[in-house]
Amino acid sequence: MEKKEILEKSRSENKNKDLYENEVIKEGGNAGAIAAGILATIFFCIQIFTGGGMNYGLYAVVFSISAAGFSVKALKLKRKHEIIVAVLYWITVFAFSAAHIYNLILASPLR
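Residues numbered from 1 in each chain as written. Predicted model: local features only at pLDDT ≥ 70, side-chain atom pairs only at ≥ 80, totals over all residues. Heavy atoms only, no water.

Some words on the packing of aromatic side chains
Put simply, the test is: Aromatic rings from Phe, Tyr and Trp, taking only the six-membered ring of Trp, are treated as a pair when their centres fall within 6.5 Å; an angle between ring planes under 30 degrees marks them as stacked, one over 60 as edge-to-face, and anything in between as tilted.
By the definition in use, this model includes eight aromatic pairs. Counting every residue linked through ring pairs, the aromatic cluster contains Phe44, Tyr56, Tyr59, Phe63, Phe70, Tyr89 and Phe96.

Describing the packing of helix α2 (residues 19–49) against helix α3 (residues 56–77)
Heads up, the condition is: Every axis in this analysis is a line fitted to C-alpha atoms, fitted for helices over the stretch in contact. Angles between the N-to-C directions lie between 0 and 180 degrees. Think of it this way: any DSSP run of H or I at least four residues long counts as a helix, any run of E at least two long counts as a strand, and we number them from the N terminus. For classification, angles of less than 35 degrees are called roughly parallel, those exceeding 145 degrees roughly antiparallel, those between 65 and 115 degrees roughly perpendicular, and all remaining angles oblique. In what follows, residue pairs with any heavy atoms lying within 4.5 Å of each other are defined as contacts.
For the pair α2 and α3, interaxial distance at closest approach is 9 Å and the crossing angle is 175°. When the axes of α2 and α3 are compared, the pair comes out roughly antiparallel. Touching Ala33, Ala36, Gly37, Ala40, Thr41, Phe43 and Phe44 of α2 are Tyr56, Leu58, Tyr59, Val62 and Ile65, all from α3.

Re unusual backbone geometry
A positive phi angle, near 55°, is found at Lys78, a position not held by glycine. Tracing the chain through its elements places Lys78 in the loop between α3 and α4 (80–107).

Overview of the side chain of Glu82
The condition is simple: Type-normalised accessible area, obtained with a 1.4 Å probe on protein chains alone, sets the label of each residue: buried when under 20%, exposed when over 50%, and partly exposed for intermediate values.
Turning to its location among the elements, Glu82 is positioned in helix α4. Glu82 gets classed as buried once you look at its relative accessible area, which sits at 5%. Discounting chain neighbours no more than four positions away, the residues touching Glu82 are Phe70, Lys73 and Ala74.

A short note on α3
Put simply, the test is: Expected span of a helix, by definition, is 1.5 Å for each gap between consecutive residues, and there is one gap fewer than residues. N or O atoms closer than or at 3.5 Å make up a polar contact, with two conditions inside protein: a donor-capable atom paired with an acceptor-capable one, and, for residues adjacent in sequence, both atoms drawn from side chains.
An ideal rise of 1.5 Å per residue puts 32 Å on 22 residues; α3 measures up with 31 Å between its terminal C-alpha atoms. Of the residues making up α3, those classed as buried are Gly57, Tyr59, Ala60, Val62, Ala67, Phe70, Ser71 and Ala74. Two or three places before Gly57, at the start of α3, stands the capping residue Asn55, its side-chain oxygen 3.0 Å from that residue's backbone nitrogen. Phi for Lys78, located one or two positions after α3, is positive at around 55°.

Quick word on the environment of Phe70
Relative to the helices and strands, Phe70 resides in helix α3. With 18 residues separating them in the primary sequence, Phe70 and Gly52 have C-alpha atoms 32 Å apart. Filtering out sequence-adjacent residues up to four positions away, Phe70 remains in contact with His81, Glu82, Val85, Ala86 and Tyr89.

Topic: the confidence of the model for the chain
The line we're drawing: Each residue gets a pLDDT score, which is the predictor's confidence in that residue and runs from 0 to 100.
The predicted model of the chain averages 87 in pLDDT, with 92% of residues at 70 or higher. Model confidence for the chain, summarised as mean pLDDT per element, is weakest for helix α1 (residues 3–13) at 72 and strongest for α4 at 94.

Brief notes about the packing of α3 against α4
For the record, the criterion: It is the rotation of the near helix from the far one that decides the hand of a crossing: anticlockwise by less than a right angle makes it left-handed, clockwise makes it right-handed. Charged means Asp, Glu, Lys or Arg here, nonpolar means Ala, Val, Leu, Ile, Met, Phe, Trp, Tyr, Cys or Pro, and polar covers whatever is left, Gly included.
Relative to each other, α3 and α4 sit at 160°, their axes nearing to 8 Å. Judged by the inter-axis angle, α3 sits roughly antiparallel to α4. For α3 against α4, the interelement crossing comes out left-handed. Here the contact of α3 with α4 is composed, by residue class, of 16 nonpolar, nine polar and two charged.

Here's what the structure looks like:
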């Protein structure tokens, strides 16, 4: 294969996106997920210390970011590690969601 053929094949596989740009987008997504986790933790702590109870919904949202990311990786790469991590993240999302809904039901004036 000649250099031009290799470059053309690479461009078609990467849909004319630069590999560096793809890596930057990936790092940006990771940084966004970390920032969401930090902000959720700050809000969670402030809510507890001000007597507002525990809002598990914040963590359900934050963990859903990683769950979705690992789900996409698991579907595309079909690696055992990504599948296991995606399942664990989704279990965590459902647990936090259930805890949040349970707390909402307990606090509901309709109860």
